[in-house]
Amino acid sequence: DVYENQYSGGFLAGQYSSISRDFESHFGPGDALNNPNTRGKACYLIIMECMAGGELFDRIQSQKITERDASNIMRQIGTAVQVFITKLKPRPLVNLLVSTHRKIAHRDLKPENLLYSSKDATAKLKLIDFGFAKEVNNRGLETPCFTPYYAAPEVLNESERYDMSCDIWSMGVIMYVLLCGYPPFYSNHGHVISPGMKSRIRTGTHFFSANCLSLVL
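Now for a quick tour of the structure. (Residues numbered from 1 in each chain as written. Predicted model: local features only at pLDDT ≥ 70, side-chain atom pairs only at ≥ 80, totals over all residues. Heavy atoms only, no water.)

Observations concerning the sheet that holds strand S6 (residues 125-127)
Through backbone hydrogen bonds, the strands of a sheet pair up, either in parallel or in antiparallel fashion.
Thought 1: A sheet is described by the order of its strands in space; here three strands give the open sequence S1-S5-S6, paired in antiparallel fashion. Of all the strands in the sheet, the pair left with one neighbour each is strand S1 (54-55) and S6.
Thought 2: One ladder, built from two bridges, connects S1 with strand S5 (residues 114-116); its direction is antiparallel. Residue Gly-54 lies in a different strand from S5, and its bridge partner there is Tyr-116.
Thought 3: The strands touched by helix H4 (residues 67-85) within the sheet are S5 and S6, with S6 carrying the most contacts at an inclination of about 30°. (Pairing = 2+ DSSP bridges. Helix = DSSP H or I, 4+ residues; strand = E, 2+ residues; numbered from the N terminus. Contact = heavy atoms within 4.5 Å. Axes fitted to C-alpha atoms, helices over the stretch in contact; angles between N-to-C directions.)

Structure (structure tokens):
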């Protein structure tokens, strides 16, 4: 879950500047290397950011999310997702950043994969869990990696290839959950996913209240 990009604005977990220094000050220089369990062995030291604020999912369950809250949350999610689509590189000799296409699909956007840096109301929201993330080539993606509630129609269609836009669908589902408190697509029989749920996702069959529909449009 460690991902670093200096131009992302810190919306991806793993955006750290002083964590390695904190690690050394806590354990002491070389302590990990002198550990008898690691001595003489090739190993990786993974330094992960502590996201003390917990999941967005928990806040949805325990707090009232206003439209202003939802707007701020979606802005932060959009900023994180943009890092997967666009890469900014400094242009030599001039003080400019050049935008290039990165083309990476996260494929598992959901409130459980969005963590707050602290318990504060103004804490930054960060995206985690890149286990399903994959670079999209010209042929697109075909492996159905998803969490049922947030899966895009094209991901469920095994005969269709898909691209980064599957994350945009998931963002829409997250916004629905923020505003309504429950997902737009679910099994009527309590299953994780069902044929009827798949059909409703593929056809976009859902219900929006008038207020929610005006916000979406």
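Now that the structure is up, let's keep going.
Quick notes on empty space enclosed by the protein
Thought 1: Applying the stated rule across the entire model yields one cavity of 30 Å³ or more.
Thought 2: Of the pockets and cavities examined, the largest cavity occupies roughly 60 Å³.
Thought 3: Arg-107, Asp-108, Leu-109, Cys-145, Phe-146, Thr-147, Tyr-150, Ala-151, Ala-152, Val-155, Cys-166 and Ser-170 together form the lining of the largest cavity.
Thought 4: Tallied by class, residues from the lining of the largest cavity come to eight nonpolar, two polar and two charged. (1 Å grid on protein atoms, 1.4 Å probe; cavity = no way out; pocket = protein on both sides within 12 Å on 5 of 7 lines; lining within 4 Å. Points joined across faces, edges and corners; volume = space filled by probe spheres on them. Nonpolar A, V, L, I, M, F, W, Y, C, P; charged D, E, K, R; others polar.)

Quick word on the nonpolar core
Across soluble globular proteins, nonpolar side chains show a tendency to be buried alongside one another.
Thought 1: Of all hydrophobic cores here, the largest spans 24 residues; its most connected members are Leu-56, Ile-77, Ile-174 and Leu-178.
Thought 2: Elements that contribute at least two residues to this core include exactly helix H3 (56-62), H4, S5, S6 and helix H6 (165-180).
Thought 3: The biggest single contributor to this core is H4, with seven residues.
Thought 4: Among the nonpolar cores identified, the runner-up in size contains eight residues, and Leu-141, Ala-152, Val-155 and Tyr-162 belong to it. (Core = buried A, V, L, I, M, F, W, Y, C linked by side-chain atoms within 4.5 Å. Buried < 20%, exposed > 50% of the residue type's maximum accessible area, 1.4 Å probe, protein only.)

No statement about biological role is implied by the geometric values presented.
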